[in-house]
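For reference, the chains in residue letters:
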Number of protein chains: 2
Amino acid sequence: MTRNVAVAPETRPEMHQRLCAAVEAAGAQRVDMAEAEGLIWADPANTGAFPELVADADRLEWIQLPYAGIEPFAHHLDDRWTWTCGKGVYAPAVAETALAMALAGFKHLHGYAREQTWSAHVGRLLAGSRVTLLGGGGIAECLLPLLKPFGCHTTVVRRSGHPLDGADRTLDVGHLSEVLPSSDLLILALALTDETRGIIDATAIDLLPDDAWIVNVARGGHIVTDDLVAALGECRLGGAALDVTDPEPLPDDHPLWTLPNCLITPHIGNTPEMGLDLLEPFVEENVRRFCEGRDLLAPVDVALGY
Amino acid sequence: MTRNVAVAPETRPEMHQRLCAAVEAAGAQRVDMAEAEGLIWADPANTGAFPELVADADRLEWIQLPYAGIEPFAHHLDDRWTWTCGKGVYAPAVAETALAMALAGFKHLHGYAREQTWSAHVGRLLAGSRVTLLGGGGIAECLLPLLKPFGCHTTVVRRSGHPLDGADRTLDVGHLSEVLPSSDLLILALALTDETRGIIDATAIDLLPDDAWIVNVARGGHIVTDDLVAALGECRLGGAALDVTDPEPLPDDHPLWTLPNCLITPHIGNTPEMGLDLLEPFVEENVRRFCEGRDLLAPVDVALGY
């Protein structure tokens, strides 16, 4: 059955256009809000426009949000409608970013980018390295296949310890301190909870080899920033590549900006540009499911708020 | 049969130690020059020591050089002995560097490394991109498996056009201009010859999409540097990541150093550190073959000089 789907607001033209294309590719009828049975929200930054836009949308049943985490929209959640989000959509982009940052660290690209002279040859091989992934979710699932052709020795450390396909071994998080001394590369890709906040502190850092790299594409709060700054400053660590920081955004006068063995990216795990390439086919699939009356992907539990 | 193998000179201690380990792991007897039947040359930069070291090596039959290209040793070649080199050994390291530089460009890591403030989110997905590899040798062979999990659309352009395993398609170099307009990423990994010198000039660059990246891990002379500088300055190209330059080393006042869409690395395709991880097992294998009287890997033709 063809259903009526609106794409709004129009404040981000490229996103609006790409999501309109997804709606049409899925075979839905693209309509204005007044006739919409489904709504694809097309501007993550513009949540304020929501109440007015849906005020007269009497036929609205379903709202697709563009976020992986829906916190910015949480206060609009309303069980008159079915809500879906972008959970899991962006994991491939974050996994790419994690590998890019790891390779940059191993090849010293952060250092060379800052030079304006032909400098010494440094850099090491990722191939054959011992890589520990802390977290066994979507990012780890997407990252393991990218690491596979490098022949890395991969260990996933996760809460459950349940084996993750593609990892050489999976351990529960109680074994973290046993794994760190033999980790050339530690990639943080876990959820931030009370148990994982500050999980990488001075003790954990000192267990890593002195030339190990830490890549954080999860949340800044997993690392005790002051402990990391101290370790990097004393070269007790090879380096850190951080796409997330604590505090975030990182203030301009923060010592991490100027440490030669640190690369900071401003939470680019997925950018709007990257995200659209992933969101567009995902939305297309969900619109198709909506038209066909099938279960939608990435449902939001309105009562729980996520 | 156990054979006597020397490792010399000792001017580069880590290299000497690693190559001694390789000799012993292969089951050869490690000896001084006077007794040596085989010699593993252990300092690429120190060719001057060669004549004196081999002066009394009456039993010497075989010399293993650590280079991929043996130019620095060419004047010492002498058909009294069998010579082998490191041809093909370093391709995996160069392939890693090529991927690292491509990902850095796509994720804007060169730009973020230069910032000391939380800046705008940019960056794009490598996954699904159209990648053209110019050159179908060892680097391309090693790079294609690394690209495979990204689901890139890969085209190898090589002199012969003979299909390269792992590429979506292989074309002969006459088709280069047809391929460039649909290349998001162009990786140069070909040999420098009279035909390939300057192959990437203003005409070729202008055929690439305006947001394409060029990665050069081959030789600086493949690119007409002034044409590249002009294109980067006018943003007719997404960016360039150059591990090799023309001139090389790149002078301190060269405009490439300060272009925001350019990343220069000082010919780190393989570093001594990386190279040893690859050279050590290769030398071990060749020493084993020497002991067993089998054909050696990477033989040098003394008459042809390569």
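Rules used in this analysis
- Residues numbered from 1 in each chain as written.
- Chains lettered and ligands numbered in written order.
- Predicted model: local features only at pLDDT ≥ 70, side-chain atom pairs only at ≥ 80, totals over all residues.
- Helix = DSSP H or I, 4+ residues; strand = E, 2+ residues; numbered from the N terminus.
- Buried ≥ 20, exposed ≤ 12 C-beta atoms within 10 Å, placed from the backbone.
- Contact = placed C-beta atoms within 7 Å.
- Domains from an automatic or database assignment.
- Nonpolar A, V, L, I, M, F, W, Y, C, P; charged D, E, K, R; others polar.
- Least-squares fit on C-alpha atoms with pLDDT ≥ 70 in both.
- Right-handed = clockwise from strand over helix to strand, strands pointing away.
- Axes fitted to C-alpha atoms, helices over the stretch in contact; angles between N-to-C directions.
- Parallel < 35°, antiparallel > 145°, perpendicular 65-115°, else oblique.
- Left-handed = near helix turned anticlockwise from the far one by under 90°.
- Pairing = 2+ DSSP bridges.
- Core = buried A, V, L, I, M, F, W, Y, C linked by C-beta atoms within 7 Å.

Enquirer: In this structure, what is going on with the overall build of chain A? I would like to understand it.
Expert: Within chain A, the regular secondary structure consists of nine helices and 12 strands. The principal-axis extent of the C-alpha atoms belonging to chain A is close to 60 × 45 × 35 Å. Residue burial in chain A is summarised as follows: out of 306 residues, 49% are buried. By sequence separation, contacts in chain A at least 24 residues apart represent 63% of the contacts at least 6 residues apart.

Enquirer: Help me understand the domain arrangement of chain A in this model?
Expert: By convention, interface size is frequently given as the accessible area that disappears when the constituent parts associate. Residues and elements named next belong to chain A. Looking at the assigned domains, one finds that chain A contains domain 1 (4-89 + 271-292) and domain 2 (91-264). A straight line from the C-alpha centre of domain 1 to that of domain 2 covers 34 Å. In this assembly, four residues from domain 1 lie in contact with four residues from domain 2. Tallied by class, the residues present in the side of domain 1 that touches domain 2 amount to two nonpolar, two polar and no charged.

Enquirer: I would appreciate a short explanation of unusual backbone geometry in the present structure.
Expert: It is generally the case that most residues other than glycine have a negative phi and that most peptide bonds are trans. Along the chain, Ala 8 of chain A connects to Pro 9 of chain A via a cis peptide bond; the corresponding omega equals -5 degrees. Along the chain, Pro 9 of chain A turns up in the loop between strand 1 (4-8) and helix 1 (13-25). With an omega dihedral of 5 degrees, the bond running from Asp 246 of chain B to Pro 247 of chain B counts as a cis peptide bond. Even without being a glycine, His 267 of chain A presents a positive backbone phi close to 55 degrees. Here His 267 of chain A is to be found in the loop between strand 12 (262-264) and helix 9 (272-292). At Ala 298 of chain A, a position not held by glycine, the phi torsion is positive, near 55 degrees. Of note, Ala 298 of chain A is situated in the segment after helix 9.

Enquirer: Is there a simple way to think about the relation of the copies chain A and chain B in this case?
Expert: The relation between the two copies of this chain is a rotation about an axis and a shift parallel to it. Between chain A and chain B, the superposition needs a rotation of 180 degrees and an axial shift of 0.0 Å, giving an RMSD of 0.1 Å. Taken together, the turn and the small shift mark the pair as related by a two-fold rotation axis. Identified as the residue of chain A closest to the rotation axis by C-alpha distance is Arg 114 of chain A, at 2.8 Å.

Enquirer: Got a minute to help me understand the interface of chain A and chain B in this structure?
Expert: Every contact between the two is made by 45 residues of chain A and, on the other side, 45 residues of chain B. Listing elements by their share of the side of chain A that touches chain B, those giving two or more residues are helix 3 (91-106), helix 4 (109-114), helix 5 (138-147), strand 12 and helix 9 of chain A. Taken together, the residues of the side of chain A that touches chain B break down into 26 nonpolar, 11 polar and eight charged.

Enquirer: Would you mind going over the pairing of strand 7 (residues 153-158) of chain A with me for this structure?
Expert: For strand 7 of chain A, a buried count of five out of six residues is recorded, marking the element as mostly surrounded by other parts of the structure. Running through helix 5 of chain A, the crossover from strand 6 (residues 130-134) of chain A to the neighbouring parallel element strand 7 of chain A is right-handed.

Enquirer: Just to check I follow, could you spell out the packing of helix 3 of chain A against helix 5 of chain A for this structure?
Expert: In a pair of packed helices, the angle between the axes and the distance between the axes together describe the arrangement. All names here are of chain A. Running from N to C, helix 3 and helix 5 point in directions that differ by 55 degrees, and their axes come no closer than 8 Å. Here helix 5 runs oblique to helix 3, going by the angle between their axes. Read as a crossing pair, helix 3 and helix 5 show a hand that is right-handed. On the side of helix 3, the interface is formed by Ala 91, Pro 92, Val 94, Ala 95, Ala 98 and Leu 99, while helix 5 contributes Gly 138, Ile 139, Glu 141, Cys 142, Leu 143 and Leu 146. A class-by-class count of the residues in the contact of helix 3 with helix 5 yields 10 nonpolar, one polar and one charged.

Enquirer: What is the right way to look at the sheet that holds strand 6 of chain A in this model?
Expert: In a beta sheet, neighbouring strands are held together by backbone hydrogen bonds and run either parallel or antiparallel to one another. All names here are of chain A. Taken together, the seven strands give an open sheet; going across it, the order is 8-7-6-9-10-11-12, and neighbouring strands pair in parallel fashion. Of all strands in the sheet, those bounded by a partner on one side alone are strand 8 (169-172) and strand 12. Neighbour to neighbour, the strand axes of the sheet diverge by 15 degrees on average, direction disregarded. Sheet analysis places strand 6 next to strand 7, joined by five bridges and oriented parallel. Among the inter-strand pairings, Leu 134 is bridged to a residue of strand 7, identified as Val 157.

Enquirer: For this particular structure, what's the right way to read helix 5 (residues 138-147) of chain B?
Expert: All names here are of chain B. Along helix 5, eight of the 10 residues are buried, which leaves the element largely enclosed by surrounding structure. Taken residue by residue, helix 5 has Ile 139, Ala 140, Glu 141, Cys 142, Leu 143, Leu 144, Leu 146 and Leu 147 as its buried positions. Buried residues along helix 5 sit against helix 3 (91-106), strand 6 (130-134), strand 7 (153-158) and strand 9 (185-188).

Enquirer: Can you help me understand the nonpolar core in this one?
Expert: When a protein is soluble and globular, its nonpolar side chains tend to lie buried together. The biggest cluster of nonpolar side chains holds 208 residues, and the ones touching the most others in it are Leu 143 of chain A together with Leu 143 of chain B. Apart from residues lying up to four places away in sequence, Leu 143 of chain A is in contact with Ala 95, Ala 98, Leu 99, Leu 133, Ile 187 and Ala 189 of chain A.

Enquirer: I would appreciate a short explanation of the sheet that holds strand 5 (residues 82-84) of chain B in the present structure.
Expert: All names here are of chain B. Pairing is parallel across the open sheet formed by five strands, whose spatial order is 2-1-3-4-5. A strand with exactly one partner marks an edge of an open sheet, and here the two such strands are strand 2 (29-30) and strand 5. Direction of pairing for strand 1 (residues 4-8) relative to strand 2: parallel, over a ladder of two bridges. Across the sheet, Asn 4 pairs through a bridge with Gln 29, a residue of strand 2. Along the sheet face, helix 1 (residues 13-25) touches strand 1, strand 2 and strand 3 (38-41) and points at about 170 degrees away from the line of strand 1.

Enquirer: Is there a simple way to explain the pairing of strand 1 of chain A in this structure?
Expert: Within a regular strand, side chains alternate between the sheet's two faces. All names here are of chain A. Burial analysis of strand 1 places five of its five residues in the buried class, which makes it a mostly covered element. On strand 1, burial covers both faces: Asn 4, Ala 6 and Ala 8 on one face and Val 5 and Val 7 on the other are all buried. On the question of chirality, the crossover connecting strand 1 to the parallel strand 2 (residues 29-30) by way of helix 1 is right-handed. As paired strands, strand 1 and strand 3 (residues 38-41) are joined by four bridges and run parallel to one another. Note on strand 3: the bridge partner recorded for Val 5 is Gly 38.

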